[in-house]
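Descriptive analysis of the structure
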Amino acid sequence: MDDPGDRTRTPMAAAPALGDLPSDVLRAELHRMADWAARYRESIEERLISPAVAPGEIRSALGASPPEEPEPLERIVADLDRVVMPGIVHWGHPAFLGYFGSTSNGPALLGEIAAAALNVSAMTWKTSPAATELETVVLEWIRQMVGLPAPFQGVVYDTASVAVVHALAVARERAGASVRQRGVAGRGDLPVCRVYASDQAHSSLEKAMILLGLGESNAVRVVTDAAFRMDAGALRSAIDADLREGMKPLAVVATAGTTSTASIDPVSEIAAVCRLHGAWLHVDAAYGGALGLLPERRGALAGIELADSVVVNPHKWLFVPLDFSALYMRRPEALRALFSLVPEYLRGDSDSGSIDYMDYGIQLGRRFRALKAWMVFRAFGRSGLAARIREQCRLAEWLAAQVETEPEFALCAPVTMAVVCFRYEPPGTEESARDGMNEAIVAAVNATGRAYLTHTRLRGRVVLRVGIGNLQTTEEHVARAWDLVRTAAADVRIEPAVRTPERGPRARDA
Ligand SMILES: Cc1ncc(COP(=O)(O)O)c(C=O)c1O
């Protein structure tokens, strides 16, 4: 079933040669698209989560050159159903348990429609006072919900990957490198700058190092303890070794909610090390920041208030759909000093005395992202958000308890949030064979289309990873995934050489 929409549409409604759709056509098409979206969401559970398409298949069914003449909307929407929908991985399916599943929802969808209709650019206060002030308000709400103290001020970017680039750029400037003015090329006065993160931290650190010209090899991975938390003693040793080599410890990235296991680094201890060496502390709370909404669990984030910068991704665990990432700076004026640049043609737009978000990053044009977040936060309320996060933690604990009752499976990491890592380890099998078995289980479960999970590697071993983030996910969906895992495991055990071909995208870093 590929068509959630209503096929009875105005025949041959097409955009006129000049201008836009007539308003009566637009209104009718908007209603139809609203029905399409509502039907999609109602029927999502009837769909297979991952598509059975081969690379290039969808592209070949689409036009290779742009259409010369206007096409009727009827035909375009029919192609959406016929060509595009069969190639969709249904991230919104409640049994989609891969990565950190960003979830859509009613209030967010309404916010996105309004933002698309408005299409304002929140680059300065004058270019969009309401988008700017709503962004400030929403950032303030997130700050309070997560539990960051008042000096922190935020800015919205698309992703945490972009946020860490900005944070490290400020760290470098604070270290006196004057890169804004002088750049890095041809300079002999710059030390080798090192940035430390745990062996579980996200790869966005290396990407930031590449982009900033700091060098991928200067991202130093520090070992973790049995619970996958950064070993602060090892951090101290790594810094001491680098100092002996004449290198500069520029920053440490501590993670609250790592990608594989959702472990939380000992941020207070790491902050003390940073203070000792004058290093910047960036806390990647892209996923784990949401834990701050639960008073009974907020203590796990202790120390994030000591950071210089913190990133929180509401598109991971605060029920705001992609994309929405909030970077908080203890001294926002440092971010502004680095990136504020007002060309003549924007001078008249930037003299309001109010905040202009274009000053806080490299992006000029900025979507009205705050609108969807504002609608979600108001429609669910802080208590509703907290209840959903709490329930997802409960579901993860429920799954972990099931795993623990199965002798052939082992839990591979403590369950701190809504992520469970576990492994099929049947007795009498070689460690080396188990990796293949666990990969085969992921492929077999995903090939059913009835649940979706990913794998990761912990201490070199392939493990199964379930992440619960969709607000429609219930115990029934998690139980279904668990049943499918056990069925796949039994098959893999009987026929270890037979691997079910993977149909969805390859499991990888979320
Ligand atoms: C801990 C952590 N930090 C950062 C990121 C990058 O997030 P984004 O996709 O917003 O760049 C991820 C992605 O999953 C992550 O797990």
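Residues numbered from 1 in each chain as written. Predicted model: local features only at pLDDT ≥ 70, side-chain atom pairs only at ≥ 80, totals over all residues.

**Concerning the overall build of the protein**
Along its length, the protein carries 16 helices and 11 strands. For 510 residues, the compact-globule estimate of 2.2 N^0.38 gives 24 Å, and the C-alpha radius of gyration of the protein, at 25 Å, lies within 12% of that figure. Principal axes of the C-alpha set define a box for the protein whose edges measure 75 × 70 × 45 Å. Taking all 510 residues of the protein together, the buried fraction comes to 44%. (Helix = DSSP H or I, 4+ residues; strand = E, 2+ residues; numbered from the N terminus. Rg over C-alpha atoms; globule rule 2.2 N^0.38 Å. Buried ≥ 20, exposed ≤ 12 C-beta atoms within 10 Å, placed from the backbone.)

**So, unusual backbone geometry**
The amide bond that connects Leu 322 to the next residue, Asp 323, takes the cis arrangement and shows omega of -10°. For Asp 323, the location among the structural elements is in the loop between helix 11 (314–317) and strand 7 (325–329). Backbone geometry places Ser 178, a non-glycine residue, at a positive phi of 45°. One non-glycine residue, Arg 459, adopts positive backbone phi at about 50°.

**Looking at the sheet that holds strand 6 (residues 309–312)**
Taken in spatial order, the 7 strands make up an open sheet running 1-7-6-5-4-2-3, and their pairing is mixed. Both outer strands of the open sheet, strand 1 (153–157) and strand 3 (219–222), are each paired with one neighbouring strand and no more. Neighbour-to-neighbour, the strand axes of this sheet turn through a mean angle of 20°, independent of strand direction. Looking at chain direction, strand 4 (residues 248–255) and strand 5 (residues 280–284) are connected through 5 bridges and run parallel. The residue of strand 5 that forms the bridge with Ala 254 is Val 283. (Pairing = 2+ DSSP bridges. Axes fitted to C-alpha atoms, helices over the stretch in contact; angles between N-to-C directions.)

**Let's talk about the pairing of strand 3**
Bridging between strand 2 (residues 193–198) and strand 3 involves 4 bridges; their strand directions are parallel. Bridging across to strand 3, Ala 197 finds its partner in Arg 221. With helix 8 (residues 204–212) bridging strand 2 and the parallel strand 3, this β-α-β connection has right-handed handedness. (Right-handed = clockwise from strand over helix to strand, strands pointing away.)

**Thoughts on the site of the ligand**
Near the ligand there are 16 residues, and of these Thr 159, Ala 160, Ser 161, His 202 and Thr 259 occur at the shortest range. Split by residue class, the shell around the ligand holds 5 nonpolar, 10 polar and 1 charged. (Near = placed C-beta within 6 Å. Nonpolar A, V, L, I, M, F, W, Y, C, P; charged D, E, K, R; others polar.)

**Concerning the pairing of strand 4**
With 8 of 8 residues buried, strand 4 is to be regarded as a mostly interior element. After leaving strand 4, the chain enters helix 10 (residues 267–277) and then returns to the sheet as strand 5, a path that is right-handed.

**What about the packing of helix 4 (residues 106–118) against helix 14 (residues 370–405)?**
At a minimum axis separation of 8 Å, helix 4 and helix 14 run at an interaxial angle of 150°. Classified by the angle their axes make, helix 4 and helix 14 are roughly antiparallel. Viewed along their axes, helix 4 and helix 14 form a crossing whose handedness is right-handed. Contact residues: Pro 107, Ala 108, Leu 110, Gly 111, Glu 112, Ala 114 and Ala 115 in helix 4; Leu 371, Lys 372, Trp 374, Met 375, Val 376 and Ala 379 in helix 14. Grouping the amino acids of the contact of helix 4 with helix 14 by side-chain chemistry returns 10 nonpolar, 1 polar and 2 charged. (Parallel < 35°, antiparallel > 145°, perpendicular 65-115°, else oblique. Left-handed = near helix turned anticlockwise from the far one by under 90°. Contact = placed C-beta atoms within 7 Å.)

**Here we look at the domain arrangement of the protein**
For interface size, the figure often reported is the accessible area lost on association. One can read the domain layout of the protein as domain 1 (55–86) and domain 2 (120–367). Relative placement of domain 1 and domain 2: their C-alpha centres are 40 Å apart. (Domains from an automatic or database assignment.)

**So, the sheet that holds strand 11 (residues 461–467)**
Strand order in this open sheet of 4 strands is 8-9-11-10, and the pairing throughout is antiparallel. Unpaired on one side and paired on the other, strand 8 (409–411) and strand 10 (454–458) mark the two borders of the sheet. The sheet shows a mean angle of 40° between the axes of neighbouring strands, taken without regard to direction. The sheet contacts of helix 14 involve strand 8, strand 9 (419–424) and strand 11, and relative to strand 9 the element is tilted by about 15°. Together, strand 9, strand 10 and strand 11 form the strand contacts of helix 15 (residues 431–448), whose direction differs from that of strand 11 by roughly 30°.

**A closer look at the environment of Ile 142**
Topologically, Ile 142 is positioned in helix 5 (residues 129–146). Look at Ile 142 and you get buried, because 25 C-beta atoms sit within 10 Å. Distance from Ile 142 to Ala 373, taken between C-alpha atoms, is 9.7 Å for residues 231 residues apart in sequence. If we ignore the near neighbours within four places in the chain, the residues touching Ile 142 are Gly 154, Val 312, Pro 314 and Ala 326.

**Points about the packing of helix 6 (residues 160–174) against helix 8**
The contact between helix 6 and helix 8 brings their axes to 9 Å, and the two run at 50°. Viewed along their axes, helix 6 and helix 8 adopt a mutual orientation that is oblique. The chirality of how helix 6 crosses helix 8 is right-handed. Listed contacts from helix 8 to Ala 160, Ser 161, Val 164, Val 165, Leu 168, Ala 169 and Arg 172 of helix 6 are Ser 204, Leu 205, Lys 207, Ala 208, Leu 211 and Leu 212. Looking at the contact of helix 6 with helix 8, its residues break down into 9 nonpolar, 2 polar and 2 charged.

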